[in-house]
Amino acid sequence: MFDIAVIEDPAAAEASLDPVRARLLAALAEPASATMLAARVGLARQKVNYHLRALEQHGLIELVEERRKGNVTERVMRATAASYVISPAALAAVRPDPAQAPDRLSARWLLALAARLVQDVGALITGADRAGKRVATFAVDADVRFASATDRAAFAEELAAAVAGLVGRYHDEQAPGGRRHRVVVALHPSVDLSAGPAVEDS
């Protein structure tokens, strides 16, 4: 089981978003049979089996073992990942394009960048899994409390200048065998999900 998996297929995304199937996916963090799940989620075993077949068809769950019980073979299933992210590739016709309206002060442009990040890294993970390799990535996650909006703006300008300087120092367009990497740096207010909708300050 992977820690996280990316769903790129529209049909798989649709299957995962069904409320009943989402509950079953969560329940299948630990292997279970349809009979065990039926008791756990309060549904008829036949209905659970129907949903499990759909989830298995889209690669969201997998067979762990088969157990023989009298004349019946019980299939024990498990989710293929502990959690899932739906890639914008699943909504190809309406996925955001950061190139359309680049604006480093726009929250919606930041969201478009984040969507592309999910899509790109998801595709890299999928390809690496098929090849049995790892993806070379690096990420930084930090929390900073600004005394004022002025300090926040100054921080953003210094950060932009530092990144531009590093890119200028290490970028080599003519490097033989070189491989391009994308650098995405984001700054946004922290969100307390327990406190309700966030309100943007000035």
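Provided above is the structure to which this section pertains.
In this text the structure is predicted, and so the values were computed from the model without any measurement. Residue indices follow the written sequence of each chain, beginning from 1 at its first position. Reporting of local features is limited, given that this is a predicted model, to residues whose pLDDT is at least 70; pairs of side-chain atoms are given and counted only at 80 or more, and all residues count toward the totals for whole chains, interfaces and linings. No hydrogens and no water enter the side-chain calculation; it runs on all heavy atoms of the structure.

Structural notes on the overall build of the protein chain
Alright, step 1. Secondary structure assignment for the protein chain yields six helices and five strands.
Alright, step 2. Each helix and strand of the protein chain, placed in order from N terminus to C terminus, yields the pattern β-α-α-β-α-α-β-β-β-α-α.
Alright, step 3. Values of the radius of gyration come from C-alpha atoms, whereas the globule rule sets the reference at 2.2 Å times the count of residues to the power 0.38. Taken over the C-alpha trace, the protein chain has a radius of gyration of 22 Å; the compact-globule value for 202 residues is 17 Å, which it surpasses by more than 25%.
Alright, step 4. Taken over the C-alpha atoms alone, the protein chain extends approximately 70 × 50 × 30 Å along its principal axes.
Alright, step 5. Sorting the 202 residues of the protein chain into buried and exposed places 20% on the buried side.
Alright, step 6. Pairs of residues are marked as contacts when any of their non-hydrogen atoms sit within 4.5 Å. Of the contacts made within the protein chain by residues no fewer than 6 positions apart, 59% connect residues no fewer than 24 positions apart.
Alright, step 7. All accessible areas in this document rest on Shrake-Rupley with a 1.4 Å probe, and a residue is counted as covered only by the protein chains that are shown. Taken as a whole, the protein chain presents about 14800 Å² of accessible surface, with 55% of it coming from carbon and sulfur. Numbering of helices and strands runs from the N terminus; a helix is a DSSP stretch of H or I covering at least four residues, while a strand is a stretch of E covering at least two. Partly exposed residues are those whose accessible area sits between 20% and 50% of the maximum for their type, while under 20% is buried and over 50% is exposed, using a 1.4 Å probe and protein chains only.

Looking at the packing of helix 3 (residues 34-41) against helix 4 (residues 45-57)
Alright, step 1. Here helix 3 crosses helix 4 at 110°, and the two axes come no closer than 9 Å. In terms of axis orientation, helix 3 runs roughly perpendicular to helix 4. The two elements helix 3 and helix 4 meet at a crossing, and its hand is right-handed. Residues A34, T35, L37, A38 and V41 of helix 3 pack against R45, V48, N49 and L52 of helix 4. Only the stretch in contact is used when a helix axis is fitted, and all axes are lines through C-alpha atoms; the angle between N-to-C directions ranges over 0 to 180 degrees. Throughout, the term roughly parallel applies to angles under 35 degrees, roughly antiparallel to angles over 145, roughly perpendicular to angles from 65 to 115, and oblique to all others. Crossings are sorted by hand: turned counterclockwise from the far helix by less than a right angle, the near helix makes the crossing left-handed, and turned clockwise it makes it right-handed.

What to know about the pattern of salt bridges
Alright, step 1. Salt bridges are identified by distance alone: a Lys or Arg side-chain nitrogen within 4 Å of an Asp or Glu carboxyl oxygen. Summed over all chains, the structure comprises eight salt bridges.
Alright, step 2. A salt bridge links R75 to E56; the shortest N-O distance between them is 3.0 Å. Of the two residues, R75 sits in strand 4 (residues 72-79) while E56 sits in helix 4, which places them 19 residues apart along the sequence.
Alright, step 3. With relative accessibility at 34%, the residue R75 sits in the partly exposed group.
Alright, step 4. Residue E56 is classed as partly exposed on the basis of its relative accessible area, which comes to 28%.
Alright, step 5. The closest approach of N and O atoms between R75 and E66, which form a salt bridge, is 3.8 Å.
Alright, step 6. Each of E56, E66 and R75 takes part in a single network of salt bridges with overlapping partners.

Details of the sheet that holds strand 2 (residues 32-33)
Alright, step 1. Spatial strand order, 2-4-3: three strands in an open sheet with antiparallel pairing. Since the sheet does not close on itself, it has two edges, and those belong to strand 2 and strand 3 (61-69), each with one partner.
Alright, step 2. The rule for pairing is simple: two strands pair if DSSP sees at least two bridges between them. In the sheet, strand 2 pairs with strand 4 via two bridges, with the strands oriented antiparallel. Paired with A32 across the two strands is M77, which belongs to strand 4.

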